[in-house]
Amino acid sequence: AHMLQHLIIAYVVPPMLIWGMPNWLLRPLLLNPVIKPIAKFLIRPIIAIFVFSFFFSMWHFPFFYDGALNNSFIHHIEHIFFIVISLVVWWPVMSPLEELPPLHFGPRILYLFVLPLIQTGVFAIITFSDQVLYMTYANSPVRFFDLHPLSDQRWAGVVMKIGGIIGFGAPL
């Protein structure tokens, strides 16, 4: 359930924000002299993929993940990170601004194809680990569907991979 929440934050919310924000609001936010050079740098496809993959993976390291589960402030920061990095990764696909344009059709297809491949590492670690990575889940007295924490973790990894394939595959 927690992984599904993160997938919605990463794959559903940012496209809706981009689609839903009018250009008259986006232009002053993204094209002001301070933000525009940062935005232009971050939305370069290779940079966007790197930033998204790095931070998405980083939050799945046990230290950060358990920290977020045990501290609601850190958990909210994690969700803000997911939204921001997801806006960065979706921008080259969906930009409504000609000043920060989307990728052309061919590169956009390649971009959407590569994104779920790059996430394979974090998926594989979570799914195929022979030990529970997150002590918060290992020590939790609550068990949904009576799953052992390692089975729960493996299912979360599968949900992560399928979510990435669907999240980037649907627009592909």
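Higher on the page you've got the structure.
In this report, the structure presented in the accompanying data block is examined. Just so we're clear, the structure is a prediction, and the values are computed from it rather than from any experiment.

Looking only at helices and strands, the protein has eleven helices and zero strands in total. N-terminal to C-terminal, the α/β element order of the protein is α-α-α-α-α-α-α-α-α-α-α. Taken over the C-alpha atoms alone, the protein extends approximately 50 × 35 × 25 Å along its principal axes. Evaluated residue by residue, the protein yields a buried proportion of 39% over its 172 residues. A sequence separation of at least 24 residues applies to 71% of the contacts in the protein between residues at least 6 apart. Carbon and sulfur atoms form 76% of the exposed surface of the protein, whose accessible area is close to 9,800 Å². Across the protein, the 8 positively charged side chains and the 7 negatively charged ones have centroids separated by 14 Å.

A word on the packing of helix H5 (residues 45-58) against helix H8 (residues 105-118). Taken N-terminus to C-terminus, the directions of H5 and H8 make an angle of 25°; their axes are 11 Å apart at the nearest point. The orientation of H5 relative to H8 falls into the category roughly parallel. As for the relative orientation of H5 and H8, their crossing is right-handed in sense. Facing Pro 45, Ala 48, Ile 49, Phe 52 and Ser 53 of H5, the residues of H8 in contact are Tyr 111, Val 114, Leu 115 and Ile 118. Looking at the contact of H5 with H8 residue by residue, the classes come out as eight nonpolar, one polar and no charged.

Attention now goes to the environment of Pro 96. Along the chain, Pro 96 falls in the loop between helix H7 (72-94) and H8. Taking the relative accessible area as the measure of exposure, Pro 96 reaches 31% and is therefore partly exposed. Remark: the alpha-carbon pair of Pro 96 and Gln 5, spanning 91 residues in sequence, is separated by 26 Å. Every residue in contact with Pro 96, bar those within four places of it in the chain, is listed here: Ile 18, Asn 23, Leu 26 and Trp 91.

A grouping of Leu 4, Ile 8, Val 12, Met 16, Trp 19 and Val 159 is seen on the molecular surface, where their side chains present a nonpolar patch of about 590 Å² in accessible area. Among the elements of the structure, helix H1 (2-11) and helix H2 (13-20) are those that each provide at least two residues to the nonpolar patch. Topologically, Ile 8 is positioned in helix H1.

Here the focus is the packing of aromatic side chains. Tallied over the entire structure, the rule returns 15 aromatic pairs. Taking 5.2 Å as the distance between ring centres and 45° as the angle between the ring planes, the aromatic pair formed by Phe 55 and Phe 81 counts as tilted. Of this pair, Phe 55 sits in helix H5 while Phe 81 sits in helix H7, and the two are 26 residues apart along the sequence. A relative accessible area of 24% means that Phe 55 is categorised as partly exposed. Aromatic rings pair up to connect Phe 50, Phe 54, Phe 55, Trp 59, Phe 63, Phe 64 and Phe 81 into one cluster.

The geometry of a pair of packed helices is captured by two quantities: the angle between their axes and the separation between those axes. It is the contact of H7 with H8, at a shortest axis distance of 9 Å, that shows an interaxial angle of 150°. On the basis of the axis angle, H7 is roughly antiparallel to H8. Read as a crossing pair, H7 and H8 show a hand that is left-handed. For the pair H7 and H8, the contacting residues are Val 88, Val 89, Trp 90, Pro 92 and Val 93 in the first and Arg 108, Tyr 111, Leu 112 and Leu 115 in the second. Partitioning the contact of H7 with H8 into residue classes produces eight nonpolar, no polar and one charged.

Reading the values: rules and limits
- The residue numbering used here restarts from 1 in each chain and proceeds along that chain's sequence as written.
- The predicted origin of the model limits local features to residues at a pLDDT of at least 70 and limits the giving and counting of side-chain atom pairs to 80 or more, whereas totals for whole chains, interfaces and linings rest on all residues.
- To obtain the side-chain values, all non-hydrogen atoms of the structure were included, while hydrogens and water were left out.
- Secondary structure elements follow DSSP: runs of H or I of four or more residues count as helices, runs of E of two or more count as strands, with numbering from the N terminus.
- Summary of the burial criterion: residues with accessible area below 20% of their type's maximum are buried, those above 50% are exposed, and those between are partly exposed, where the area comes from a 1.4 Å probe applied to protein chains only.
- By definition in these notes, contact holds between two residues if any of their heavy atoms fall within 4.5 Å.
- Accessible surface is estimated by sampling points in the Shrake-Rupley manner with a 1.4 Å probe; for residues, cover comes only from the protein chains shown.
- Charge assignment in this entry is limited to Lys and Arg as positive and Asp and Glu as negative, and neither His nor the chain termini are counted.
- Think of each charge as sitting on NZ of Lys, CZ of Arg, CG of Asp or CD of Glu.
- All axes here are fitted lines through C-alpha atoms, helices being fitted over the stretch that makes contact, and every angle between N-to-C directions spans 0 to 180 degrees.
- Orientation categories follow fixed angle ranges, with anything under 35 degrees roughly parallel, anything over 145 roughly antiparallel, 65 to 115 roughly perpendicular, and all other angles oblique.
- Crossings are sorted by hand: turned counterclockwise from the far helix by less than a right angle, the near helix makes the crossing left-handed, and turned clockwise it makes it right-handed.
- Just so you know the grouping, Ala, Val, Leu, Ile, Met, Phe, Trp, Tyr, Cys and Pro go in nonpolar, Asp, Glu, Lys and Arg go in charged, and all remaining residues, Gly too, go in polar.
- In this analysis, a patch consists of residues with relative accessible area above 30% that form no salt bridge, clustered at 9 Å for like charges and at 5 Å for the nonpolar side chains Val, Leu, Ile, Met, Phe, Trp and Tyr.
- Salt bridge, as applied in this entry: a Lys or Arg side-chain nitrogen positioned within 4 Å of an Asp or Glu carboxyl oxygen.
- Aromatic rings from Phe, Tyr and Trp, taking only the six-membered ring of Trp, are treated as a pair when their centres fall within 6.5 Å; an angle between ring planes under 30 degrees marks them as stacked, one over 60 as edge-to-face, and anything in between as tilted.

Functional significance is not addressed by these values, which are geometric in nature.
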